[in-house]
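Chain and residue survey
Here are the chains, one letter per residue:
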Amino acid sequence: LSAMLHAAWLGLELERGARAHATSPPRLRAEFSQLWLEHVAPVSRGMTYPSALHARVVRALSRARVGHVCELLVPEGGYHVDIALTERQRTVIDVLGPSHFRFGTALKSSSVAKHRHLRAAGWSVLCVPWWQWPMPAAGAPESARDDLERRYVRALLSDASRASSWPAGCAAVGGESEARPPV
């Protein structure tokens, strides 16, 4: 419940600005923020790679020599982001595994709100949906996998201008036609 209250409050502040801030009791704002910091934010502290996909994305970024930090706590709103790029100011990568979606391709409202709040705070959000991550043919050498993953990361970063196209503020590598999960 505290996470939902915090997200709702943050949405009001970021999207309505000073009006939301001026019309709400300061004590209530402080309580929502405190609940978030005490009960929700600590859950992922210290996690380096919450999933195998996250680990592969980090590995590909490293092999492509792209500076990054994992599990950054964003000051605006207290969100943890999967990966923040150090060479591009205020750019994050959200690794979207199957648990981020409902009914296959519909991004869960919590992820939509997080992306919207980050963008309202001036961050660019790039996404790696699980079904877009490259998978080499069975029996392919590890070097082939590394090459596919490195090319995917480079394409994602070179096409960052589409960072608000799909889904809910995420870039889709290769265009809309590839932005659907396998059937």
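Let me sum up the structure you'll find in this document. (Residues numbered from 1 in each chain as written. Predicted model: local features only at pLDDT ≥ 70, side-chain atom pairs only at ≥ 80, totals over all residues. Heavy atoms only, no water.)

Within the chain one finds six helices and six strands. For the chain, the α and β elements follow one another from N to C terminus as α-α-α-α-β-β-β-β-β-α-β-α. Of all intrachain contacts in the chain linking residues separated by at least 6 positions in sequence, the fraction that spans at least 24 positions is 56%. By element, 57% of the accessible surface of the chain is carried by carbon and sulfur atoms, the whole surface being about 9,700 Å². (Helix = DSSP H or I, 4+ residues; strand = E, 2+ residues; numbered from the N terminus. Contact = heavy atoms within 4.5 Å. Areas by Shrake-Rupley, 256 points an atom, 1.4 Å probe, with all protein chains shown as cover.)

In this structure, alanine 120 sits in helix α5 (residues 109-120). For alanine 120 and glutamate 76, which are 44 residues apart along the polypeptide, the C-alpha to C-alpha distance reads 9.8 Å.

This part is about the sheet that holds strand β3 (residues 91-96). Spatially, β1-β2-β3-β6 is the arrangement adopted by the four strands of the open sheet, whose pairing is mixed. The sheet is open, and its two borders are formed by β1 (68-73) and β6 (124-129), each paired with just one other strand. Between one strand axis and the next, the sheet turns by 35° as a mean value, whatever way the strands run. (Pairing = 2+ DSSP bridges. Axes fitted to C-alpha atoms, helices over the stretch in contact; angles between N-to-C directions.)

For the rest of this paragraph, the subject is the nonpolar core. Counting residues in each nonpolar core, the largest one holds 18 residues, and the members touching the most others are Val57, Leu61, Ile83, Ile93 and Trp133. Counting only elements with at least two residues in this core, the list comes to α4 (52-63), β2 (80-85), β3, β6 and α6 (142-158). Top contributing element to this core by residue count: α4, with five residues. With near-sequence residues (within four places) excluded, isoleucine 83 lies in contact with His54, Val57, Val58, Leu61, His68, Val69, Thr91, Val92, Ile93 and Val95. (Core = buried A, V, L, I, M, F, W, Y, C linked by side-chain atoms within 4.5 Å. Buried < 20%, exposed > 50% of the residue type's maximum accessible area, 1.4 Å probe, protein only.)

So, about the pairing of β6. Of all six residues in β6, five are buried, a share of seventy percent or more. Sheet topology note: the β3/β6 ladder contains six bridges and is parallel. The partner of valine 92 across the bridge, within β6, is valine 125.

A rise of 1.5 Å per residue sets the reference length of α5, with its 12 residues, at 16 Å; its end C-alpha atoms lie 16 Å apart and thus fit the reference within 8%. Within α5 the residues assigned to the buried category are Ser111, Ala113, Lys114, His115, His117 and Leu118. (Expected span 1.5 Å × (residues − 1).)

With 17 residues, α6 extends 24 Å between its outermost C-alpha atoms, agreeing within 8% with the 24 Å of an ideal straight helix rising 1.5 Å per residue. Buried residues of α6: Asp146, Glu149, Arg150, Tyr152, Val153, Leu156 and Leu157, and no others. In an axial view of α6, the angular spread of the buried residues amounts to 160°, which keeps them on one side of the axis. Turned more than 90 degrees from where α6 packs its buried face, Ser143 and Ser158 sit exposed. Against the buried residues of α6 lie α4, β2, β3 and β6. (Arc of directions from axis to C-beta.)

Before going further, it helps to spend a moment on the pattern of salt bridges. Applying the stated criterion to the full structure yields nine salt bridges. Note that arginine 59 is salt-bridged to glutamate 142, the shortest N-O span being 2.9 Å. Of this pair, arginine 59 sits in helix α4 while glutamate 142 sits in helix α6, and the two are 83 residues apart along the sequence. Exposure remark for arginine 59: the relative accessible area of 25% places this residue in the partly exposed category. (Salt bridge = Lys/Arg side-chain N within 4 Å of Asp/Glu carboxyl O.)

Moving on to the packing of aromatic side chains. The tally for this structure, following the rule as stated, stands at three aromatic pairs. Look at tryptophan 133 and tyrosine 152: their rings are 5.1 Å apart centre to centre, the planes differ by 70°, and that puts the pair in the edge-to-face class. Taken together, the residues tryptophan 133 in the loop between β6 and α6 and tyrosine 152 in helix α6 connect sequence positions 19 residues apart. In this pair, the class of tryptophan 133 matches that of tyrosine 152, namely buried. Three or more aromatic residues link up through ring pairs in this structure, and these residues are Phe101, Trp130 and Trp131. (Phe/Tyr/Trp six-rings, centres within 6.5 Å; stacked < 30°, edge-to-face > 60°.)

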